[in-house]
Amino acid sequence: MLTTLKHIVQEVSRTPGLDAALNRLVTLVKEAMQVDSCSIYLANYEQQQLILTATNGLDQGAVGKVRIGFYEGVIGLVGQREEPLNIENVHQHPRFKHYPEVKEENYNAFLGTPIIYQRKVLGVMTMQQREMRRFSLDEEAFLVTLAAQIALEIANADMLGELIQSESMALPSGQQVINGVPGSSGLALGIGVTWNQQILLSTLVNRRHKNEAYEIIAYRDAVEITRAEVKQLSLGLDESLPDDIKAIFSMYDQLLDANSLGREVEKRIKEGWNAATSLKLVVEEYAARFKAMQDPYMQERAVDIIDLSNRILGYILNPTKKPREFPDKPFILVADEITASMLAECPSEMLQGVISINGSQNSHAAILARAIGIPAIMGIASILPSLLDQKTLFIDGYSGMITISPEPQQIREFRHLIAEEKSLHERIDAMSNEPSVTLDHHEMHLYLNTGLVVKQELADNDNIKGVGLFRTEIPFMQSDHFPPEQAQYELYRSILEANPDKDITMRTLDIGGDKPLSYLPIVEDNPFLGWRGIRVTLDQPEIFLVQARAMIRASEDYTNLQIMLPMITTIAEVKEAKRLLKQAYYEVKEELKDPLSTMMMPKLGIMLEVPAVVYQLSQFAQHVDFFSVGSNDLTQYLLAVDRNNPRVSSLYNSFHPSVLAVLQEIATQANKLEKPITVCGELAGDPAGAVLLMAMGYQKLSMNAHNIRKINWVFRSIQLHHTQQLLADVMSLDNPDEVKIQVDAFLETHGLGGLVRAGG
Ligand code: PEP
Ligand code: MG
């Protein structure tokens, strides 16, 4: 029985598309269990119905047509009771309801079981038989186990909007609502415009050439035109864009360098392949390497390489290609894979938002959309872009929802929402350079979280006090080997010297957990409780020392470097890290051979992420200069909830009363110990979180660039003593939802309601 089950689940999960997978499932079950019929009814919560979605044994014509109310018939009863129903003669059951379309007159025995995922009934699965009998306990156990196993597949399809897409679930009047992943917040309305790539590397047929010199020239010319095009696009980018966005285009520039892609492509041409094929062969190899990496950020680099190469290919095949044309009315760009260069090519006055069929929150498209302030929805893999072409689309970048062909009265409502949102942003932007001071004159200090080069952004905005968290692992993850000391030195130096008057807090390498390095694979059963953060670098002191030397060397002539240690659990770890830092410091100092050098030992801090440290805070305070709360990990460890596991994501909540109590305890103790303390987890960039943290006594908050303006506006709109009253009230509540409701209501009464609707 177990083998049959395994075989069925494996085969179903290999079948692409939900409808096909469910059809395969009912057929396999019917054959394996030797019953006369097997069917699946999926729940539609909007219409409160269970809809026959797949069957082998009932009439095929009834699929999508038979819709059973949640409280109707034996099918409804299975869903309602959330337990299996095993009946010898279904026709005699008091809840039996006859649906002539299914043609089940000859079936007597009935076994139905609910399909449940995370407490939600997704559907009902049934087996039926002519013979009048009760199904055996084994048969019942089989169906229950199978339903539990396929629940995840169905839940995933539901999240991808595939259920809605299937014909049986289509909404009336051609209007449809589908869900993706929010990539950039905001609301937009416009015509869907698909980006058709005429010639693609992936569809190119490999060909050999007859004239090597000609092919090399064709390749080099195409690279030159592409380089000019990329340059043009990057010049067109708004000057105010963050440095990490500009970095995307310099990466394109590096790839176009003759020593990078060029050398390998020309090698293939010399092997006899024509220019286009050579490019294809090289790029496919590169992209495969990136795609194979576990880290989603690195996987995204494959998209960039392919995007750039498709541009080069276009010019190899057609050197006089004309520029693309765009509609002169508001539009939403839709593509399988939206890339940064596509966005740069669109006229910014008309581009309202983007939908990337593939991609994630880490995609450059999502980062760029956030930076230029347009909504983006990512990852709706079950939809073909052509389905959205030339249709009116409303996208909600807060929830990830797309409304296709909305009704006229909905369009009016959407326009109203967009206007409200615009005026909110205007008010936020108008205040962005004003200091973060509350109405009762309490000053807050805002810092930046980053992992990429930040120079201009920081230098230009007086309101950003410095970098509160530089995640050094990001440059490590972008490389395919440990970056040598000199490369690290140059990166760190460039940041310190661009912002000599602002504190730059660099965290030592924090890998492990959800941050793997392709060149240091860590395979563990419990990665978040395993070899992570400081544990790795103390066990591999050579990695720690190289990084410490690079940071300390970079700080020569500057006093703005602070070093921070991640995942600290024991005093011994701090002592050992200090010993290594001192070693690095004296080595560097000696190498400088400059008796006049005033180079100082940088300030040292630890991240408060592991609950154990909270109970030893006064002891840690004797060894370090500052603390920084990593509320992301602190929440994860305090609540014992994996921060990346969608199954328990509803339990991961930084507004949990225990998390708030610990945060309050940390602030009180740190202030008493007179140790500077920052919060650098996501909570600091969330309006509701920032308000509570200020009330607790935190004065320094560090967050992503796109949250800084918003949080500044929040502080400038409220009074410290009101937030202290709010905090006193919420501390007596016993569940996170109530806390959130109360804080949101507070924001609402202070004219910050727009941020609440926008989901923070
Ligand atoms: C945290 O844990 O809150 C934190 C800022 O570190 P990271 O998210 O990089 O683990
Ligand atoms: Mg952390």
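Predicted model, so just to flag it, every value in this text is computed and none were measured.

Below, the discussion takes up the overall build of the protein. Assigned secondary structure in the protein consists of 27 helices and 22 strands. The C-alpha radius of gyration of the protein comes to 29 Å, within 12% of the 27 Å expected for a compact globule of 760 residues. Along the first, second and third principal axes, the C-alpha atoms of the protein reach 100 × 80 × 55 Å. Out of the 760 residues belonging to the protein, those deemed buried represent 54%. Residue pairs at least 24 apart in sequence account for 66% of intrachain contacts in the protein once pairs closer than 6 positions are excluded. For the protein, the exposed surface amounts to about 33900 Å²; the carbon and sulfur share of it is 51%. Across the protein, the mean location of the 69 positive side-chain charges is 3 Å away from that of the 96 negative side-chain charges.

Right, let's get into the packing of helix α22 (residues 657-673) against helix α23 (residues 687-696). Running from N to C, α22 and α23 point in directions that differ by 40°, and their axes come no closer than 9 Å. Compared by their axis directions, α22 and α23 come out oblique. The crossing of α22 and α23 is right-handed. Here Leu660, Leu663, Gln664 and Ala667 of α22 lie close against α23, whose contacting residues are Leu692, Leu693 and Met696. Residue composition of the contact of α22 with α23, grouped by class: six nonpolar, one polar and no charged.

Moving on, we come to the pairing of strand β10 (residues 331-335). Of all five residues in β10, five are buried, a share of seventy percent or more. What you see with β10 is no split at all: Phe331, Leu333 and Ala335 on one side and Ile332 and Val334 on the other are buried throughout. One ladder, built from four bridges, connects strand β9 (residues 187-194) with β10; its direction is parallel. Note that in β10 the partner of Thr194 across the bridge is Val334. In terms of strand pairing, β10 meets strand β11 (residues 351-356) through five bridges, oriented parallel. Note on β11: the bridge partner recorded for Ile332 is Gly353. In this fold, the crossover linking β10 to β11 by way of helix α11 (residues 340-345) has right-handed handedness.

As a structural note, the neighbourhood of ligand 1 is formed by 15 residues, with Arg471, Arg507, Lys515, Asn632 and Arg643 the closest of them. Asp633 has a polar side-chain atom sitting 3.0 Å from an oxygen atom of ligand 1. When ligand 1 sits alone it has 290 Å² of accessible area, and the protein chains cover 99% of it. More than half of the atoms of ligand 1 fall within 2 Å of the grid points belonging to the second largest cavity. Secondary structure elements with two or more residues in the shell around ligand 1: β16 (464-471) and α21 (631-639).

With that settled, consider the packing of helix α16 (residues 485-498) against helix α18 (residues 541-554). When two helices pack together, their arrangement is given by the angle between the helix axes and by the axis-to-axis distance. Here α16 crosses α18 at 40°, and the two axes come no closer than 8 Å. In terms of orientation, α16 lies oblique with respect to α18. Judged by the twist between their axes, the crossing of α16 over α18 is right-handed. Taken together, the residues of α18 that come into contact with α16 (itself represented by Glu485, Gln486, Gln488, Tyr489, Tyr492, Arg493 and Leu496) are Val546, Gln547, Arg549, Ala550, Met551, Arg553 and Ala554. Across the contact of α16 with α18, the residue classes tally to seven nonpolar, three polar and four charged.

All right, on to the sheet that holds strand β13 (residues 392-396) then. Neighbouring strands of a sheet are bound in pairs by backbone hydrogen bonds; such pairs are parallel or else antiparallel. The strand order β7-β14-β13-β9-β10-β11-β12-β8 describes an open sheet built from eight strands, whose pairing is mixed. Two strands in the sheet have a free side with no partner beyond their single neighbour: β7 (176-179) and β8 (181-184). The mean angle between the axes of side-by-side strands here comes to 30°, regardless of whether they run parallel or antiparallel. Pairing analysis gives four bridges linking β13 to strand β14 (residues 401-404), with the strands arranged antiparallel. By the bridge assignment, Phe394 is partnered in β14 with Thr403.

Counted by the stated rule, this structure contains 27 salt bridges. Across the salt bridge formed by Glu443 and Lys465, the nearest N and O atoms sit 3.8 Å from each other. Here Glu443 is found in the loop between α13 (408-430) and β15 (445-450), whereas its partner Lys465 is found in strand β16, with 22 residues between them in sequence. The residue Arg493 makes a salt bridge to Glu497 at a minimum N-O spacing of 3.8 Å. Placement of the pair is Arg493 and Glu497 together in helix α16, with a separation of four residues, close to one helical turn. For Glu497, a relative accessible area of 40% puts it in the partly exposed group. One network of salt bridges, in which partners are shared, links Glu473, Arg507, Asp510, Arg532, Asp633 and Arg643.

With that out of the way, let us pick up the coordination of the magnesium ion (ligand 2). Distances from the magnesium ion (ligand 2) to its protein donors, namely Glu609 (OE) and Asp633 (OD), fall within the range 2.0 to 2.1 Å. With Glu609 in the loop between β19 (603-608) and α20 (617-621) and Asp633 in helix α21, this residue pair connects regions lying 24 residues apart in the sequence. Judged by relative accessible area, Glu609 falls into the buried class, the value being 2%. Given the relative accessible area of 2%, Asp633 is considered buried.

We now examine unusual backbone geometry. Phi angles above zero are rare outside glycine, and Gln48 is one such case at about 55°. For Gln48, the location among the structural elements is in the loop between β1 (37-44) and β2 (49-56). Although it is not a glycine, Ala640 sits at a positive phi angle of roughly 55°. By the secondary structure assignment, Ala640 is in the loop between α21 and α22.

This paragraph deals with the pairing of β13. Counting buried residues along β13, four of its five residues qualify, which places the element largely inside the surrounding structure. Taking the residues between adjacent antiparallel strands as the criterion, β13 and β14 are bridged by four residues, where Gly400 takes a positive phi near 90°.

Procedures and definitions
Residues numbered from 1 in each chain as written. Chains lettered and ligands numbered in written order. Predicted model: local features only at pLDDT ≥ 70, side-chain atom pairs only at ≥ 80, totals over all residues. Heavy atoms only, no water. Helix = DSSP H or I, 4+ residues; strand = E, 2+ residues; numbered from the N terminus. Rg over C-alpha atoms; globule rule 2.2 N^0.38 Å. Buried < 20%, exposed > 50% of the residue type's maximum accessible area, 1.4 Å probe, protein only. Contact = heavy atoms within 4.5 Å. Areas by Shrake-Rupley, 256 points an atom, 1.4 Å probe, with all protein chains shown as cover. Lys, Arg positive; Asp, Glu negative; His and termini not counted. Charge placed at Lys NZ, Arg CZ, Asp CG, Glu CD. Axes fitted to C-alpha atoms, helices over the stretch in contact; angles between N-to-C directions. Parallel < 35°, antiparallel > 145°, perpendicular 65-115°, else oblique. Left-handed = near helix turned anticlockwise from the far one by under 90°. Nonpolar A, V, L, I, M, F, W, Y, C, P; charged D, E, K, R; others polar. Pairing = 2+ DSSP bridges. Right-handed = clockwise from strand over helix to strand, strands pointing away. Near = heavy atom within 4 Å. Polar contact = N/O pair within 3.5 Å; in protein donor to acceptor, adjacent residues only side chain to side chain. 1 Å grid on protein atoms, 1.4 Å probe; cavity = no way out; pocket = protein on both sides within 12 Å on 5 of 7 lines; lining within 4 Å. Sits in = over half its atoms within 2 Å of the grid points. Salt bridge = Lys/Arg side-chain N within 4 Å of Asp/Glu carboxyl O. Donors = N, O, S within 2.8 Å, 3.2 Å for Na, K, Ca; no water.

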